[in-house]
Amino acid sequence: VPPPAPVAPGGYPPPSAPPLGGAGPTGGQPGPAPADPRSIWPLGGRLLPLRPLSVGDTLDGTFRGLRATFLPVALLVLVLLGPIQLLLNLLIQQVFPTATTFGLEQFDDPAFDPETAFTFADIGAVLGGGALLGVLSWLATSVVTAAVVALVLQVDRGEDTDLGASVRAGLRVLGTVLLGGLAIGVMGFAAFLAVAALIALLFFVETVLGVVVLVLVLLTVAPIGFLAFAGASSLIAPIAIIEGPGVGRTLGRVWWVLRRRFWRLIGITVLILLVLTVVNIAVALPFGLLSFFLPGGQWIVDGVGETVAQVVTVPATALAAMLVYLDARIRLEGLDLRARYRDLGA
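Residues numbered from 1 in each chain as written. Predicted model: local features only at pLDDT ≥ 70, side-chain atom pairs only at ≥ 80, totals over all residues. Heavy atoms only, no water.

## Some remarks on the packing of helix α7 (residues 207–243) against helix α9 (residues 262–293)
What describes two packed helices is the angle between their axes and the distance between those same axes. Between α7 and α9, whose axes approach to 9 Å, the crossing angle comes to 90 degrees. The angle between the axes of α7 and α9 places the two elements in the roughly perpendicular class. In contact with I224, F226, L227, A228, A230, G231, A232 and L235 of α7, α9 contributes F262, W263, L265, I266, T269, V270 and L273. Residue classes in the contact of α7 with α9 are distributed as 13 nonpolar, two polar and no charged. (Axes fitted to C-alpha atoms, helices over the stretch in contact; angles between N-to-C directions. Helix = DSSP H or I, 4+ residues; strand = E, 2+ residues; numbered from the N terminus. Parallel < 35°, antiparallel > 145°, perpendicular 65-115°, else oblique. Contact = heavy atoms within 4.5 Å. Nonpolar A, V, L, I, M, F, W, Y, C, P; charged D, E, K, R; others polar.)

Take a look at the structure:
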(Lines give C-alpha, C1' and ligand atoms only; values in the text may rest on other atoms or scores of the structure.)
Protein backbone atom coordinates (compact mmCIF):
# COMPACT_ATOMS: atom_id res chain seq x y z
CA VAL A 1 0.00 0.00 0.00
CA PRO A 2 1.59 3.33 -0.98
CA PRO A 3 2.07 5.84 1.84
CA PRO A 4 -0.46 8.69 2.08
CA ALA A 5 0.38 11.89 0.27
CA PRO A 6 1.97 14.54 2.50
CA VAL A 7 -0.26 17.39 3.53
CA ALA A 8 0.85 20.90 2.60
CA PRO A 9 1.05 23.64 5.22
CA GLY A 10 -2.40 24.97 5.92
CA GLY A 11 -4.17 21.63 5.55
CA TYR A 12 -4.42 21.44 1.74
CA PRO A 13 -3.28 18.11 0.25
CA PRO A 14 -1.18 18.42 -2.91
CA PRO A 15 -2.79 17.52 -6.23
CA SER A 16 -1.92 14.16 -7.76
CA ALA A 17 -0.50 15.77 -10.92
CA PRO A 18 0.76 19.21 -11.78
CA PRO A 19 -2.38 21.22 -12.53
CA LEU A 20 -0.82 23.35 -15.26
CA GLY A 21 -3.70 24.09 -17.59
CA GLY A 22 -6.71 21.89 -18.28
CA ALA A 23 -9.81 21.96 -16.12
CA GLY A 24 -10.07 24.45 -13.31
CA PRO A 25 -10.93 23.47 -9.76
CA THR A 26 -14.51 24.75 -9.93
CA GLY A 27 -17.05 23.24 -12.24
CA GLY A 28 -14.52 21.84 -14.70
CA GLN A 29 -14.13 25.21 -16.36
CA PRO A 30 -10.87 25.41 -18.31
CA GLY A 31 -8.59 28.19 -17.15
CA PRO A 32 -6.61 30.36 -19.56
CA ALA A 33 -3.26 29.80 -17.80
CA PRO A 34 -0.45 28.71 -20.15
CA ALA A 35 1.45 25.52 -19.34
CA ASP A 36 4.77 27.04 -18.40
CA PRO A 37 6.41 27.91 -15.05
CA ARG A 38 5.30 31.53 -15.29
CA SER A 39 1.67 30.37 -14.98
CA ILE A 40 2.40 29.81 -11.27
CA TRP A 41 2.39 33.25 -9.74
CA PRO A 42 5.66 33.83 -7.84
CA LEU A 43 3.83 33.82 -4.51
CA GLY A 44 5.67 33.53 -1.23
CA GLY A 45 2.70 33.72 1.14
CA ARG A 46 4.49 36.09 3.51
CA LEU A 47 2.26 39.08 2.71
CA LEU A 48 -0.40 38.04 0.20
CA PRO A 49 -2.96 35.55 1.57
CA LEU A 50 -3.05 32.13 -0.17
CA ARG A 51 -6.78 31.57 0.19
CA PRO A 52 -10.05 32.80 -1.34
CA LEU A 53 -10.48 36.41 -0.29
CA SER A 54 -13.54 38.07 1.16
CA VAL A 55 -14.16 41.79 0.75
CA GLY A 56 -12.68 42.37 4.20
CA ASP A 57 -9.61 40.31 3.28
CA THR A 58 -9.14 42.45 0.18
CA LEU A 59 -9.29 45.71 2.11
CA ASP A 60 -7.05 44.33 4.84
CA GLY A 61 -4.54 43.05 2.30
CA THR A 62 -4.52 46.43 0.55
CA PHE A 63 -3.54 48.31 3.68
CA ARG A 64 -1.09 45.61 4.78
CA GLY A 65 0.63 46.03 1.44
CA LEU A 66 0.66 49.81 1.93
CA ARG A 67 2.28 49.47 5.35
CA ALA A 68 4.86 46.96 4.13
CA THR A 69 6.02 49.16 1.25
CA PHE A 70 5.23 52.63 2.57
CA LEU A 71 8.72 54.16 2.55
CA PRO A 72 9.78 53.09 -0.98
CA VAL A 73 6.32 53.89 -2.35
CA ALA A 74 6.36 57.35 -0.73
CA LEU A 75 9.79 57.97 -2.23
CA LEU A 76 8.55 56.92 -5.68
CA VAL A 77 5.51 59.18 -5.52
CA LEU A 78 7.46 62.16 -4.19
CA VAL A 79 10.21 61.85 -6.81
CA LEU A 80 8.12 60.95 -9.88
CA LEU A 81 4.74 62.58 -9.24
CA GLY A 82 5.53 65.44 -6.87
CA PRO A 83 7.41 67.70 -9.34
CA ILE A 84 4.74 67.21 -12.02
CA GLN A 85 1.99 68.19 -9.58
CA LEU A 86 3.91 71.27 -8.47
CA LEU A 87 4.52 72.36 -12.07
CA LEU A 88 0.85 71.89 -12.93
CA ASN A 89 -0.25 74.02 -9.98
CA LEU A 90 2.36 76.64 -10.82
CA LEU A 91 1.16 76.78 -14.42
CA ILE A 92 -2.49 77.24 -13.49
CA GLN A 93 -2.07 79.67 -10.63
CA GLN A 94 0.76 81.82 -12.03
CA VAL A 95 0.17 81.82 -15.79
CA PHE A 96 -3.62 82.00 -15.53
CA PRO A 97 -4.24 83.40 -12.02
CA THR A 98 -7.75 84.66 -12.75
CA ALA A 99 -9.05 81.11 -12.66
CA THR A 100 -7.57 80.26 -9.26
CA THR A 101 -9.39 80.29 -5.96
CA PHE A 102 -7.93 83.58 -4.80
CA GLY A 103 -8.44 85.16 -8.23
CA LEU A 104 -12.21 84.73 -8.32
CA GLU A 105 -12.80 87.94 -6.39
CA GLN A 106 -11.68 89.77 -9.54
CA PHE A 107 -15.07 88.96 -11.07
CA ASP A 108 -16.71 91.23 -8.48
CA ASP A 109 -14.46 94.14 -9.42
CA PRO A 110 -16.41 96.70 -11.57
CA ALA A 111 -13.24 97.34 -13.57
CA PHE A 112 -12.86 93.65 -14.43
CA ASP A 113 -12.92 93.07 -18.20
CA PRO A 114 -13.11 89.39 -19.28
CA GLU A 115 -11.93 90.23 -22.78
CA THR A 116 -8.60 91.54 -21.50
CA ALA A 117 -8.29 89.20 -18.50
CA PHE A 118 -8.64 86.03 -20.58
CA THR A 119 -6.21 86.30 -23.47
CA PHE A 120 -5.75 83.59 -26.07
CA ALA A 121 -2.08 83.40 -25.10
CA ASP A 122 -2.93 82.63 -21.48
CA ILE A 123 -5.57 80.07 -22.41
CA GLY A 124 -3.25 78.42 -24.93
CA ALA A 125 -0.42 78.28 -22.40
CA VAL A 126 -2.64 76.70 -19.76
CA LEU A 127 -4.23 74.17 -22.13
CA GLY A 128 -0.97 73.23 -23.85
CA GLY A 129 1.09 73.07 -20.69
CA GLY A 130 -1.68 71.25 -18.86
CA ALA A 131 -1.93 68.65 -21.63
CA LEU A 132 1.84 68.08 -21.58
CA LEU A 133 1.97 67.77 -17.82
CA GLY A 134 -1.09 65.51 -17.91
CA VAL A 135 0.67 63.11 -20.28
CA LEU A 136 3.78 63.17 -18.09
CA SER A 137 1.62 62.50 -15.02
CA TRP A 138 -0.02 59.54 -16.78
CA LEU A 139 3.38 58.09 -17.67
CA ALA A 140 4.76 58.58 -14.16
CA THR A 141 1.62 57.20 -12.50
CA SER A 142 1.74 54.10 -14.72
CA VAL A 143 5.37 53.45 -13.74
CA VAL A 144 4.65 54.02 -10.04
CA THR A 145 1.59 51.75 -10.10
CA ALA A 146 3.50 48.88 -11.72
CA ALA A 147 6.50 49.42 -9.43
CA VAL A 148 4.24 49.18 -6.35
CA VAL A 149 3.02 45.75 -7.49
CA ALA A 150 6.62 44.62 -8.04
CA LEU A 151 7.58 45.87 -4.55
CA VAL A 152 4.70 43.98 -2.91
CA LEU A 153 5.70 40.78 -4.71
CA GLN A 154 9.27 41.23 -3.45
CA VAL A 155 8.04 41.52 0.14
CA ASP A 156 5.69 38.57 -0.33
CA ARG A 157 8.63 36.38 -1.42
CA GLY A 158 10.68 37.49 1.57
CA GLU A 159 13.15 39.50 -0.50
CA ASP A 160 14.63 42.87 0.40
CA THR A 161 12.78 45.70 -1.29
CA ASP A 162 14.75 46.77 -4.35
CA LEU A 163 13.42 50.12 -5.53
CA GLY A 164 15.58 50.13 -8.65
CA ALA A 165 14.40 46.67 -9.70
CA SER A 166 10.77 47.60 -9.15
CA VAL A 167 11.12 50.77 -11.25
CA ARG A 168 12.80 48.76 -14.03
CA ALA A 169 9.92 46.29 -13.88
CA GLY A 170 7.49 49.20 -14.23
CA LEU A 171 9.38 50.57 -17.21
CA ARG A 172 9.39 47.12 -18.90
CA VAL A 173 5.59 46.98 -18.87
CA LEU A 174 5.03 50.70 -19.50
CA GLY A 175 4.10 50.17 -23.16
CA THR A 176 1.66 47.42 -22.22
CA VAL A 177 0.04 49.58 -19.53
CA LEU A 178 -0.30 52.60 -21.80
CA LEU A 179 -1.63 50.69 -24.81
CA GLY A 180 -3.96 48.65 -22.62
CA GLY A 181 -5.30 51.81 -20.99
CA LEU A 182 -5.83 53.42 -24.40
CA ALA A 183 -7.63 50.32 -25.68
CA ILE A 184 -9.99 50.25 -22.69
CA GLY A 185 -10.55 54.00 -23.04
CA VAL A 186 -11.43 53.65 -26.72
CA MET A 187 -13.84 50.80 -25.97
CA GLY A 188 -15.45 52.81 -23.18
CA PHE A 189 -15.84 55.85 -25.42
CA ALA A 190 -17.33 53.69 -28.18
CA ALA A 191 -19.85 52.25 -25.72
CA PHE A 192 -20.74 55.79 -24.60
CA LEU A 193 -21.31 56.91 -28.19
CA ALA A 194 -23.48 53.86 -28.89
CA VAL A 195 -25.69 54.52 -25.86
CA ALA A 196 -25.90 58.24 -26.68
CA ALA A 197 -26.92 57.46 -30.27
CA LEU A 198 -29.60 55.06 -29.04
CA ILE A 199 -31.02 57.65 -26.65
CA ALA A 200 -30.98 60.33 -29.37
CA LEU A 201 -32.85 57.97 -31.69
CA LEU A 202 -35.46 57.29 -29.00
CA PHE A 203 -35.88 61.05 -28.44
CA PHE A 204 -36.48 61.44 -32.16
CA VAL A 205 -39.06 58.63 -32.24
CA GLU A 206 -40.82 59.33 -28.93
CA THR A 207 -39.71 62.08 -26.56
CA VAL A 208 -41.26 60.54 -23.44
CA LEU A 209 -39.63 57.18 -24.13
CA GLY A 210 -36.30 58.92 -24.67
CA VAL A 211 -36.58 60.72 -21.33
CA VAL A 212 -37.43 57.48 -19.50
CA VAL A 213 -34.52 55.61 -21.05
CA LEU A 214 -32.15 58.53 -20.36
CA VAL A 215 -33.12 58.57 -16.67
CA LEU A 216 -32.70 54.78 -16.42
CA VAL A 217 -29.30 54.96 -18.10
CA LEU A 218 -28.13 57.77 -15.82
CA LEU A 219 -29.27 55.91 -12.71
CA THR A 220 -28.10 52.38 -13.58
CA VAL A 221 -26.04 51.81 -16.71
CA ALA A 222 -23.85 54.91 -16.42
CA PRO A 223 -22.66 54.32 -12.80
CA ILE A 224 -22.07 50.61 -13.41
CA GLY A 225 -20.26 51.35 -16.66
CA PHE A 226 -18.04 53.94 -14.97
CA LEU A 227 -17.16 51.54 -12.14
CA ALA A 228 -16.45 48.74 -14.61
CA PHE A 229 -14.20 51.07 -16.61
CA ALA A 230 -12.36 52.18 -13.45
CA GLY A 231 -11.97 48.60 -12.22
CA ALA A 232 -10.75 47.29 -15.58
CA SER A 233 -8.27 50.15 -15.91
CA SER A 234 -6.86 49.45 -12.45
CA LEU A 235 -6.25 45.79 -13.36
CA ILE A 236 -3.91 46.56 -16.27
CA ALA A 237 -0.71 47.40 -14.37
CA PRO A 238 -0.91 44.49 -11.85
CA ILE A 239 -1.69 41.95 -14.57
CA ALA A 240 1.10 43.30 -16.80
CA ILE A 241 3.64 42.91 -13.96
CA ILE A 242 2.43 39.40 -13.11
CA GLU A 243 1.91 38.05 -16.62
CA GLY A 244 4.74 39.98 -18.30
CA PRO A 245 4.62 42.48 -21.19
CA GLY A 246 2.03 41.85 -23.87
CA VAL A 247 -1.08 43.90 -24.58
CA GLY A 248 -3.12 40.99 -25.90
CA ARG A 249 -2.38 38.75 -22.91
CA THR A 250 -3.06 41.58 -20.45
CA LEU A 251 -6.38 42.59 -22.02
CA GLY A 252 -7.39 38.94 -22.23
CA ARG A 253 -6.83 38.55 -18.50
CA VAL A 254 -8.71 41.81 -17.78
CA TRP A 255 -11.68 40.54 -19.79
CA TRP A 256 -11.45 37.18 -17.99
CA VAL A 257 -11.70 38.90 -14.58
CA LEU A 258 -14.57 41.10 -15.77
CA ARG A 259 -16.55 38.09 -16.97
CA ARG A 260 -15.90 35.89 -13.94
CA ARG A 261 -15.71 38.41 -11.08
CA PHE A 262 -17.66 41.39 -12.41
CA TRP A 263 -19.70 42.27 -9.33
CA ARG A 264 -16.80 41.57 -6.98
CA LEU A 265 -14.68 44.00 -8.99
CA ILE A 266 -17.49 46.59 -8.95
CA GLY A 267 -17.94 46.26 -5.18
CA ILE A 268 -14.22 46.53 -4.41
CA THR A 269 -13.95 49.55 -6.73
CA VAL A 270 -16.79 51.31 -4.88
CA LEU A 271 -15.22 50.62 -1.48
CA ILE A 272 -11.77 51.74 -2.58
CA LEU A 273 -13.20 54.94 -4.10
CA LEU A 274 -15.03 55.71 -0.86
CA VAL A 275 -11.93 55.09 1.26
CA LEU A 276 -9.73 57.16 -1.04
CA THR A 277 -12.28 59.99 -1.04
CA VAL A 278 -12.10 60.10 2.74
CA VAL A 279 -8.28 60.06 2.58
CA ASN A 280 -8.26 62.90 0.04
CA ILE A 281 -10.56 65.02 2.19
CA ALA A 282 -8.54 64.32 5.34
CA VAL A 283 -5.29 65.27 3.61
CA ALA A 284 -6.65 68.24 1.66
CA LEU A 285 -8.30 69.92 4.66
CA PRO A 286 -5.16 70.91 6.62
CA PHE A 287 -3.28 71.87 3.45
CA GLY A 288 -6.28 73.93 2.30
CA LEU A 289 -6.33 75.81 5.61
CA LEU A 290 -2.59 76.41 5.35
CA SER A 291 -2.88 77.73 1.80
CA PHE A 292 -5.56 80.16 2.98
CA PHE A 293 -2.98 81.87 5.20
CA LEU A 294 -0.23 81.66 2.55
CA PRO A 295 -1.93 82.91 -0.64
CA GLY A 296 1.39 83.71 -2.29
CA GLY A 297 2.59 80.13 -1.94
CA GLN A 298 -0.74 78.47 -2.56
CA TRP A 299 0.54 76.51 -5.56
CA ILE A 300 3.27 74.95 -3.42
CA VAL A 301 0.97 74.06 -0.52
CA ASP A 302 -1.70 72.60 -2.81
CA GLY A 303 0.89 70.63 -4.78
CA VAL A 304 2.41 69.13 -1.62
CA GLY A 305 -1.05 68.21 -0.30
CA GLU A 306 -2.07 66.51 -3.54
CA THR A 307 1.24 64.62 -3.68
CA VAL A 308 0.85 63.42 -0.08
CA ALA A 309 -2.64 62.12 -0.94
CA GLN A 310 -1.20 60.25 -3.94
CA VAL A 311 1.16 58.38 -1.59
CA VAL A 312 -1.96 56.50 -0.45
CA THR A 313 -4.37 56.67 -3.39
CA VAL A 314 -2.09 55.46 -6.22
CA PRO A 315 -0.73 52.29 -4.52
CA ALA A 316 -4.03 51.45 -2.80
CA THR A 317 -5.82 51.28 -6.16
CA ALA A 318 -3.12 49.01 -7.61
CA LEU A 319 -3.01 46.70 -4.58
CA ALA A 320 -6.79 46.29 -4.42
CA ALA A 321 -6.88 45.38 -8.13
CA MET A 322 -4.04 42.90 -7.66
CA LEU A 323 -5.91 41.20 -4.80
CA VAL A 324 -9.08 40.94 -6.91
CA TYR A 325 -6.97 39.22 -9.57
CA LEU A 326 -5.36 36.97 -6.95
CA ASP A 327 -8.79 35.97 -5.64
CA ALA A 328 -10.01 35.17 -9.16
CA ARG A 329 -7.01 32.94 -9.90
CA ILE A 330 -7.30 31.14 -6.55
CA ARG A 331 -11.01 30.45 -6.95
CA LEU A 332 -11.03 29.60 -10.66
CA GLU A 333 -7.55 28.19 -11.32
CA GLY A 334 -6.48 26.79 -7.95
CA LEU A 335 -3.48 29.10 -7.80
CA ASP A 336 -3.00 28.46 -4.10
CA LEU A 337 -2.78 24.69 -4.75
CA ARG A 338 -0.29 25.25 -7.55
CA ALA A 339 1.89 27.35 -5.25
CA ARG A 340 1.74 24.72 -2.50
CA TYR A 341 2.53 21.96 -4.97
CA ARG A 342 5.54 23.93 -6.18
CA ASP A 343 6.72 24.57 -2.62
CA LEU A 344 6.58 20.84 -1.85
CA GLY A 345 9.04 20.27 -4.68
CA ALA A 346 6.71 17.85 -6.49
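## Some points on helix α6 (residues 174–205)
The end-to-end C-alpha separation of α6 is 47 Å, in line with the 46 Å expected for 32 residues at 1.5 Å each. Those residues of α6 that fall on the buried side of the exposure criterion are L174, T176, V177, L178, G180, I184, I199 and L202. (Expected span 1.5 Å × (residues − 1). Buried < 20%, exposed > 50% of the residue type's maximum accessible area, 1.4 Å probe, protein only.)

## As for the environment of F229
Inspection of the secondary structure assignment puts F229 in helix α7. A residue is classified by how much of its surface remains accessible, and F229, at 36% relative accessible area, is partly exposed. Residues F229 and M187, spaced 42 residues apart in sequence, show a C-alpha to C-alpha distance of 9.4 Å. With residues near it in sequence (within four places) discarded, F229 still touches I184 and G185.

## Here we look at the packing of aromatic side chains
Counting across every chain of the model gives two aromatic pairs. Taking the centre distance of 5.0 Å and the plane angle of 85 degrees together, the rings of F262 and W263 count as edge-to-face. A relative accessible area of 58% means that W263 is categorised as exposed. Sitting above the plane of the W256 ring, R253 keeps its charged end 4.8 Å from the centroid. (Phe/Tyr/Trp six-rings, centres within 6.5 Å; stacked < 30°, edge-to-face > 60°. Lys NZ or Arg CZ within 6 Å of the ring centre and 35° of its normal.)

## Concerning a nonpolar patch on the surface
Taken together, the side chains of F203, V211, L214, V215, L218 and L219 make up a nonpolar region of the molecular surface, amounting to roughly 500 Å² of accessible area. A per-element tally of the nonpolar patch places α7 first, with five residues. Its place among the elements puts L214 in helix α7. (Patch = residues over 30% accessible without salt bridge, like charges linked within 9 Å, V, L, I, M, F, W, Y side chains within 5 Å. Areas by Shrake-Rupley, 256 points an atom, 1.4 Å probe, with all protein chains shown as cover. Salt bridge = Lys/Arg side-chain N within 4 Å of Asp/Glu carboxyl O.)

## A look at the environment of V211
The topology assignment puts V211 in helix α7. Overall, V211 belongs to the partly exposed group, its relative accessible area being 39%. A C-alpha to C-alpha distance of 9.8 Å links V211 and A200, two positions 11 residues apart in sequence.

## Regarding the nonpolar core
Membership of the largest hydrophobic core comes to 62 residues, with the highest contact counts inside it found for L48, L235, V254 and L326. A total of 15 residues in this core trace back to one element, the largest contributor, which is helix α10 (residues 298–333). (Core = buried A, V, L, I, M, F, W, Y, C linked by side-chain atoms within 4.5 Å.)

## Here we look at the environment of G56
With respect to the secondary-structure elements, G56 resides in helix α1 (residues 55–68). Using a relative accessible area of 43% as the deciding quantity, one classes G56 as partly exposed. In sequence terms G56 and I268 are 212 residues apart; their C-alpha atoms lie 9.7 Å from each other.

## Observations concerning the pattern of salt bridges
Tallied over the full model, the rule gives nine salt bridges. A salt bridge links E333 to R253, with the shortest nitrogen-to-oxygen separation between them at 2.9 Å. In this pair, E333 is assigned in helix α10 and R253 in helix α8 (residues 247–260), connecting sequence segments 80 residues apart. R253 matches E333 in its accessibility class, with the two residues each being buried. Taken together, the shared-partner salt bridges connect E243, R253, R329 and E333 into one network.

## Some words on the packing of α7 against α10
Taken N-terminus to C-terminus, the directions of α7 and α10 make an angle of 65 degrees; their axes are 8 Å apart at the nearest point. Of the two elements, α7 crosses α10, and the hand of that crossing is right-handed. Contacts between α7 and α10 involve S234, L235, P238, I239, I242 and E243 from the first element and T317, A318, A321, M322, Y325 and R329 from the second. (Left-handed = near helix turned anticlockwise from the far one by under 90°.)

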